[in-house]
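Residues per chain, in single letters:
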Amino acid sequence: DSGVTQTPKHLITATGQRVTLRCSPRSGDLSVYWYQQSLDQGLQFLIQYYNGEERAKGNILERFSAQQFPDLHSELNLSSLELGDSALYFCASSLTGGMDEQYFGPGTRLTVT
Amino acid sequence: GQNIDQPTEMTATEGAIVQINCTYQTSGFNGLFWYQQHAGEAPTFLSYNVLDGLEEKGRFSSFLSRSKGYSYLLLKELQMKDSASYLCAVRDLYNFNKFYFGSGTKLNVKP
């Protein structure tokens, strides 16, 4: 158990819908990362936050948005969902958000039908 | 974009040593990271390298040469549980500090 929690574990929804994925970092960690992993694309970095501020940005689509709240939990919002958004979404946390160990949550499996 | 290249698959014997190579091209190198991922599970962070040289962490070591755009992950005394995918990732300072991942190397450890 990494100490990072993600909810929900599984999510099935229809095209065009909007969903919110939630992540709680390990106690004491200030930085949160979001990743997407699909069979054909591998692991893709989406976005990173540090203490509420955006720190790094990756392949995050405009239909997606994220934020980190004052209590340090983070949410990833996915809207106008497409079949291709079906993937595993991982959250990770680290203490400083720099050159330090990242701890991954168990992931949320999103299926868009 | 960036190019991160790793072998697709490797096979090694229990108890042996295996080296997984990773080559990269990036405009603003800001660290190289290795992750392990067992099938159906979340990735696990293994190591990072910022400066040239070898970083040792138990049975696992990671090496970096920034001038050659090259890294390797060395696994010693292989165990069956080391059968997993190993992902190499590079952070790019000049591109929103983004992580670029290789496709991963699937390591099969046989008895």
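Thresholds, definitions, all that
Per chain, residue numbering runs from 1 following the sequence as it is written. To label them, take the chains in the order written and letter them from A, then take the ligands in the order written and number them from 1. With pLDDT at 70 or above as the cut-off, local features in this predicted model cover only qualifying residues; side-chain atom pairs require 80 or more to be listed or tallied, and sums for whole chains, interfaces and linings still use all residues. Just so you know, side-chain values use all the structure's heavy atoms and leave hydrogens and water out. A contact between two residues is defined here by any heavy atoms of the two lying within 4.5 Å. What counts as buried area is the accessible surface, traced by a 1.4 Å probe, that two parts surrender upon association, with contributions from both included. In what follows, salt bridge is the name for a side-chain nitrogen of Lys or Arg lying within 4 Å of a carboxyl oxygen of Asp or Glu. Whenever a nitrogen or oxygen atom comes within 3.5 Å of another N or O atom, the pair is scored as a polar contact, on the condition that within protein one atom can donate a hydrogen and the other can accept it, and that pairs from neighbouring residues in sequence are kept only if both atoms are in side chains. The buried label applies to any residue whose accessible area, calculated with a 1.4 Å probe on protein chains only, is under 20% of its type's maximum; exposed applies above 50%, and partly exposed to all values in between. Numbering goes from the N terminus for both helices and strands, where a helix is a DSSP run of H or I of at least four residues and a strand is a run of E of at least two. What makes two strands pair is DSSP finding at least two bridges between them. The angle between two axes is taken between their N-to-C directions and runs from 0 to 180 degrees, where each axis is a line fitted to C-alpha atoms and a helix contributes only its stretch in contact. Nonpolar core, defined: a set of buried Ala, Val, Leu, Ile, Met, Phe, Trp, Tyr and Cys residues in which side-chain atoms within 4.5 Å join the residues together.

### Focus: the interface of chain B and chain A
Counting residues at the interface gives 20 residues for chain B, matched by 21 residues for chain A. Taken over both partners, the interface formed by chain B and chain A buries close to 1,600 Å², and the fraction arising from carbon and sulfur atoms is 61%. Our count for the contact surface shared by chain B and chain A stands at one salt bridge. The salt bridge involving B:Lys57 is made with A:Glu101; its shortest N-O contact spans 3.9 Å. Counting across the interface, chain B meets chain A through five residue pairs in polar contact (both at pLDDT 80 or more).

### Things to note about the pattern of salt bridges
Opposite charge on two side chains lets them pair, provided their charged atoms get close. A full pass over the atoms with the stated rule returns eight salt bridges over all chains. Among the ionic pairs, A:Arg26 bridges to A:Asp29, the shortest N-O distance being 2.9 Å. What makes A:Arg26 partly exposed here is its relative accessible area of 25%. Take A:Asp29: its relative accessible area is 1%, and that puts it in the buried class. Between B:Arg59 and B:Asp82 there is a salt bridge, with its nearest N and O atoms 2.8 Å apart.

### Focus on unusual backbone geometry
Residues and elements named next belong to chain A. Of the consecutive residues Thr7 and Pro8, the connecting peptide bond is found in the cis state with omega at -10 degrees. By the secondary structure assignment, Pro8 is in the loop between strand 1 (5-7) and strand 2 (10-13). Not every positive phi belongs to a glycine, and Asn51 is a case in point at roughly 50 degrees. On the accessibility criterion, Asn51 (48% relative accessible area) is partly exposed. Even without being glycine, Ser80 reaches a positive phi, approximately 45 degrees. Position of Ser80 among the secondary structure elements: in the loop between strand 8 (74-78) and strand 9 (87-94). Note on Ser80: relative accessible area 42%, which makes it partly exposed.

### Some thoughts on the sheet that holds strand 7 (residues 64-68) of chain A
All names here are of chain A. Strand order in the open sheet formed by four strands is 1-3-8-7, with antiparallel pairing between adjacent strands. Strand pairing shows two members of the sheet lacking a second neighbour, strand 1 and strand 7, which therefore form its edges. Each strand axis lies, on average, 15 degrees off the axis of its neighbour in the sheet, ignoring direction. Here three bridges tie strand 1 to strand 3 (residues 19-24), and the two strands are oriented antiparallel to one another. Across the sheet, the residue bridging to Thr5 is Ser24, located in strand 3.

### Let's talk about the nonpolar core
Judged by nonpolar contacts, the single largest core of 22 residues is most densely connected at B:Leu32, B:Trp34, B:Leu75, B:Tyr86 and B:Leu107. Breaking this core down by element, the ones donating at least two residues are strand 2 (9-13), strand 3 (18-25), strand 4 (29-37), strand 7 (60-65), strand 8 (70-75), strand 9 (84-92) and strand 11 (105-110) of chain B. Counting 21 residues, the second largest nonpolar core, distinct from the first, contains A:Leu46, A:Ile60, A:Phe64 and A:Leu76.

### Re the pairing of strand 9 of chain B
All names here are of chain B. Where burial is concerned, most of strand 9 is hidden: eight out of the nine residues are buried. Sheet analysis places strand 4 next to strand 9, joined by seven bridges and oriented antiparallel. By the bridge assignment, Phe29 is partnered in strand 9 with Asp92. Bridge analysis of strand 9 against strand 11 gives three bridges, and the strand direction is antiparallel. Opposite Ala84, over in strand 11, you have Leu107 as the bridge partner. Alignment of strand 9 against strand 10 (residues 98-101), held across four bridges, turns out to be antiparallel. By the bridge assignment, Ala89 is partnered in strand 10 with Phe101.

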